Amino acid sequence: MARRVALTVFVSLVALCAAGRASASQQELTLRMDDGVDLAATLYEPSAAPPPAGYPAIVLFHGIGGKRQDLAAIAQAFDQDFAVLAFDARGHGQSGGLVLRSLVEGVPWAAVETAETWTDLFTALAPQNLTKSGAIFQFLSSVPADRLDPSVLAIRDDALASKNLAALRAWTDTRSSLKLLKTVKTPVFMFQGRRDFAFDIAQAKVGYAQLKGPKRLYIGDFGHSPSTFPGPDFAQMTKLGLAWFTRYLGGAPTTIAPISLAPSPWRGKLRSFTKLPATRRLTIGLPGNDHLAGAGRAQRTSGRFTGNAETFGSATVQLTARLTGGWSRLVAVLTAEPRKGSVTVVSEGGVNTAGLKGTRKLTIRLLDTATLIPRGARLTLTLASSSVAQNPGNLLYLNLPMPRTSRIALGPAKLMLPILRKPVSR
């Protein structure tokens, strides 16, 4: 009799988590594919005798640039109740080739969980047609050059430089699920990070809205940089993930809120919602006039916040700019500096201005994050050709060459910040 199988997808640009306790039963396997490619795998099984139909099974997919060992802690959180298979994706670890989307292509999974992933890879990697060159470089560096798919090699240089975007869009479309999610009725639990600058909250929001079957959304205190995985709410994540699989593989009833938002710092208690939490828009004027060339930057600072504010959504920056000499991009980094403590990057984003000249009205959409701005903090908006201008360690948008003649003149800016009506963090 066939086992019921669930899928957990963990997509990331870096390794996800370290090994935990020893499994009740753990076997190292080699899986030979139909095309002759061998995939290295680890099978975790419960210590109890299997039921007549066999153990219900879960398949774990590691992140981009990762390996099956990165999923050991997750596998071991589930292996008392399920058989769990983790394997090196094609082109990773000890395996050879790439793993593409499976759910929307008709693989009959009984239930699915996703974490730190994308639904539209183009908008994730190149929002407003400006590629996150630093994130893309990290992705390219995470897989050995001799194992990169030829299609990746074909777009590599253009992707870093935000050129030939039509080809990049075509490549990402075949690796995205958003356009087909409206046909999916499989139970799906989406886990997304509050502050993930590779795949922001918007990637989960739009996907969640399209799904037609049972669905849940958890926005937690983890993610790609500037967050980490696992995060402090890892035990809460695995508890809910186990309950989801137990419901749809074992038939056990369970109650999970449609949408959950973990506060930061994590204090052991979630806020639950029946729909996305309500927000209001805070508009902040940031006056000033600046003329930039090369690696120059402009900085505008707000007054101090009189109370706590927590962002939830994509902030926008509007300003008028005069572009000359081939100025091809404008990056905005929003930071918060409290009275005491370190500076926090609230969000960032950029817009492709290649081919534009003269005076233009620009709107820069920042990444969708949930970030607490504490009482008494000041906001600073840094405008430049890269995120490195804000801080040398901020490598989301790299400082790539532009013509020496490039210039941009920036007028007053208006920041529109979506914040929760009732903050969940403090």
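Keep in mind the model is a prediction, meaning the values are calculated, not measured.

> Please set out the overall build of the chain residue by residue, giving values where relevant.
For the chain, the helix and strand inventory stands at 7 helices and 21 strands. In terms of overall size, the chain behaves like a compact globule, its C-alpha atoms giving a radius of gyration of 23 Å where 426 residues would be expected to give roughly 22 Å. Burial analysis of the chain (426 residues in total) assigns 54% to the buried set. Restricting to contacts in the chain with at least 6 residues of sequence separation, those with at least 24 account for 79%. A distance of 14 Å separates the average location of the 50 positive side-chain charges in the chain from that of its 27 negative side-chain charges.

> I'd like a description of the packing of aromatic side chains, backed by residues and values.
The way to describe two aromatic rings as a pair is by their centre distance and the angle between their planes. Tallied over the entire structure, the rule returns 10 aromatic pairs. Look at Trp 118 and Phe 199: their rings are 5.3 Å apart centre to centre, the planes differ by 55°, and that puts the pair in the tilted class. Taken together, the residues Trp 118 in the loop between β6 (111-115) and α2 (121-125) and Phe 199 in the loop between β7 (188-193) and α6 (201-210) connect sequence positions 81 residues apart. The burial state of Trp 118 is the same as that of Phe 199; both residues are buried.

> Help me get a handle on unusual backbone geometry, residues and values and all.
With an omega of 0°, the peptide bond between Phe 229 and Pro 230 qualifies as cis. Omega for the peptide link from Ser 264 to Pro 265 comes to 5°, which places this bond in the cis form. The topology assignment puts Pro 265 in the loop between β9 (259-261) and β10 (271-273). With a phi angle near 55°, Glu 116 is a residue other than glycine that sits in the positive phi range. Structurally, Glu 116 is set in the loop between β6 and α2. At Asn 129, a position not held by glycine, the phi torsion is positive, near 65°. Note on placement: Asn 129 falls in the loop between α2 and α3 (133-142).

> Describe the pattern of salt bridges, and please don't skip the residues or the numbers.
In this structure the tally under the stated criterion is 7 salt bridges. The partner of Lys 179 in a salt bridge is Asp 173, with the nearest N and O atoms 3.6 Å apart. Given the relative accessible area of 28%, Asp 173 is considered partly exposed. Across the salt bridge formed by Glu 310 and Arg 194, the nearest N and O atoms sit 2.8 Å from each other. Highlighted residues: Glu 310 in strand β14 (residues 309-310) and Arg 194 in the loop between β7 and α6, separated in sequence by 116 residues. For Glu 310, a relative accessible area of 0% corresponds to the buried category.

> Can you tell me about helix α4 (residues 150-161), naming the residues and giving the values?
The set of residues buried in α4 consists of Val 152, Ile 155 and Ala 159. Angularly, the buried residues of α4 cover 90° about the axis, an arc narrow enough to put them on a single face. Structural note: α4 exposes Pro 150, Ala 154 and Asp 157 on the side pointing more than 90 degrees away from its buried face.

> Break down the confidence of the model for the chain for me, with residues and values.
With 91% of its residues at a pLDDT of at least 70, the chain reaches an overall mean of 89. In this model residues 11-23 is a low-confidence stretch, pLDDT under 50, and it forms 50 contacts with partners more than four residues away in sequence or in other chains.

> Can you explain the nonpolar core? Please cite residues and give values.
Burial of nonpolar side chains together is a common tendency in soluble globular proteins. Counting 33 residues, the largest nonpolar core has Leu 330, Ile 373, Leu 379, Leu 383 and Leu 410 as the members making the most contacts within it. Breaking this core down by element, the ones donating at least two residues are β11 (279-286), β15 (313-324), β16 (329-337), β17 (344-352), β18 (358-369), β20 (378-384) and β21 (407-420). When residues in this core are grouped by element, the largest group, 6 residues, is from β21. Those residues in contact with Leu 379 that lie beyond four places of it in its chain are Ile 284, Arg 300, Thr 301, Ser 302, Phe 305, Leu 334, Thr 335, Ala 336, Val 346, Ile 373, Leu 415 and Leu 417. Core analysis: the next-biggest nonpolar cluster, separate from the first, contains 31 residues, Ala 115, Phe 222, Met 237 and Ala 262 among them.

> Before we move on, can you summarise the environment of Ala 159 with the specific residues and values?
With respect to the helices and strands, the residue Ala 159 is situated in helix α4. Given a relative accessible area of 5%, Ala 159 falls into the buried group. Considering only alpha carbons, one finds Ala 159 and Leu 130, 29 residues apart in sequence, at a separation of 9.2 Å. Dropping the residues within four chain positions of it, Ala 159 is found in contact with Thr 131, Ile 136 and Leu 168.

About the cut-offs
- Residues numbered from 1 in each chain as written.
- Predicted model: local features only at pLDDT ≥ 70, side-chain atom pairs only at ≥ 80, totals over all residues.
- Heavy atoms only, no water.
- Helix = DSSP H or I, 4+ residues; strand = E, 2+ residues; numbered from the N terminus.
- Rg over C-alpha atoms; globule rule 2.2 N^0.38 Å.
- Buried < 20%, exposed > 50% of the residue type's maximum accessible area, 1.4 Å probe, protein only.
- Contact = heavy atoms within 4.5 Å.
- Lys, Arg positive; Asp, Glu negative; His and termini not counted.
- Charge placed at Lys NZ, Arg CZ, Asp CG, Glu CD.
- Phe/Tyr/Trp six-rings, centres within 6.5 Å; stacked < 30°, edge-to-face > 60°.
- Salt bridge = Lys/Arg side-chain N within 4 Å of Asp/Glu carboxyl O.
- Arc of directions from axis to C-beta.
- pLDDT = per-residue confidence, 0-100.
- Core = buried A, V, L, I, M, F, W, Y, C linked by side-chain atoms within 4.5 Å.

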